[in-house]
Amino acid sequence: TRLVSDWSSDVCSSDLYAPGPDAQPQPGVPRGQVRQGTFTSSRIFPGTTRDWWVYVPAQYDPARPACLLVCFDGGGFFHPTGAFRLPVVLDNLLARREIPVTIAVGVNPGVVAPTLPGAKPRSNRSFEYDSLGDANARFLLEELLPAATTGLNITIDPAGRAVAGNSSGGIAAFTVAWERPDQFGKVISHIGSFTNIRGGHVYPALVRQAEKKPLRIFLQDGVNDLDNLHGHWPLANQDLAAALKYKGYDHQLVLGEGGHSGRHGGALLPDTLRWLWRDRPKP
C-alpha cells in the first residue's frame, strides 16, 4: 500500500480518480451474491424506512466466521457504475486472496414519509449521521444488522469488523467505532464531515484527551473540499489526523486534489481495503 506522501502529489483529474481495474469485472473471477431489503421497524429512529444491501462472497463458508464491512449511504457503495462498485472490488480482491473473506452490508439513511399529498419524504440523514453519541451504533447493532445478516456467520472480533462512509457518512462511521470499539475496530472515512454540523468538530480534542481505543482508521479528503459556515473540511480532516498521530493510532490520511466527491475515495478503495485488512488471515 502506498503511503500518504505517495498520494499527496496526485493532480485533479477525472482519469486519475476514475475506477481502476480492480473495480471492473474480470473474466474467471467468482462473483458474490447481493441481496436487498427494506427496514421499516426502527425503535431508535422511529418513523423511518431505509433500503439495505448485503454482499456475500463466493468464497464464504458458513462454517468459518467472515469479516464484516458496513457502509453508510450503502446505495452509493453498491451502485454497479458508481465511484465505488464495492461488490466488484470485493470479488476481484478475494479472487486474488488479497483480503479476508468479507461480508459487506450497505445501509441508506432513513426517510420519513410525507404527511401532505404530493410532498417528498423527509431525509433523516443528517440527524443519524452527523450527530455524536451512540444512537447510530445502537441502530446498527440492535436493529439493522440482526435483520440484514440473519443466518450469516460473522466474526465477533472487532478487529474483523469495519465501518465506512462518505461525507456525513464518514463522520458517522468514525462515531460508530468511537462509541463501540468493542464491535468495530476499523474505519474508512472519505471526505468526512468532521465539522460543526452537529458538533463533530470536537473530535480532534476528544481523540487527544480520551484513552486510546483499539481502532485502525483510514481518512481521505481533497484540498478543494468544502469550506462553509460549518467549517473547512480539509483542515478538519488534517486536524483529526494530527490528533490520531499524537495518540499513536494506526491510521492513514490521503489528501488529494479533489473536492466534495466520492471519486477519489472510490479510486483508492481497493488499496484502502488491502491496507485495512493487511494483517487478517487471507482465504
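A brief look at the structure comes next. (Residues numbered from 1 in each chain as written. Predicted model: local features only at pLDDT ≥ 70, side-chain atom pairs only at ≥ 80, totals over all residues. Heavy atoms only, no water.)

### Let's talk about helix α3 (residues 86–95)
The buried count for α3 comes to nine of ten residues, which makes it a mostly enclosed element. Listed as buried for α3 are Leu86, Pro87, Val88, Val89, Leu90, Asp91, Asn92, Leu93 and Leu94. Residues of α3 that are buried sit in contact with β1 (33–39), β2 (48–56), β3 (67–72), α2 (74–78), β4 (102–107) and α9 (263–276). Taken from the residues just after α3, Arg97 is the one with a positive phi, measuring 60°. (Buried < 20%, exposed > 50% of the residue type's maximum accessible area, 1.4 Å probe, protein only. Helix = DSSP H or I, 4+ residues; strand = E, 2+ residues; numbered from the N terminus. Contact = heavy atoms within 4.5 Å.)

### So, the pairing of β3
Of all the six residues making up β3, six are buried; the element is thus mostly covered by neighbouring parts of the structure. A two-sided burial pattern is seen for β3, the buried positions comprising Cys67, Leu69 and Cys71 on one face and Leu68, Val70 and Phe72 on the other. Across six bridges, the pairing between β3 and β4 is parallel. Its bridge partner lying in β4, Cys67 is registered against Thr102. In terms of strand pairing, β3 meets strand β7 (residues 161–166) through four bridges, oriented parallel. Across the sheet, the residue bridging to Cys71 is Ala164, located in β7. (Pairing = 2+ DSSP bridges.)

### Points about the side chain of Thr155
Here Thr155 shows up in the loop between α5 (135–148) and β7. Apart from the residues lying within four places of it in its own chain, the contact partners of Thr155 are Pro65, Ala66, Cys67, Gly160, Arg161 and Arg280.

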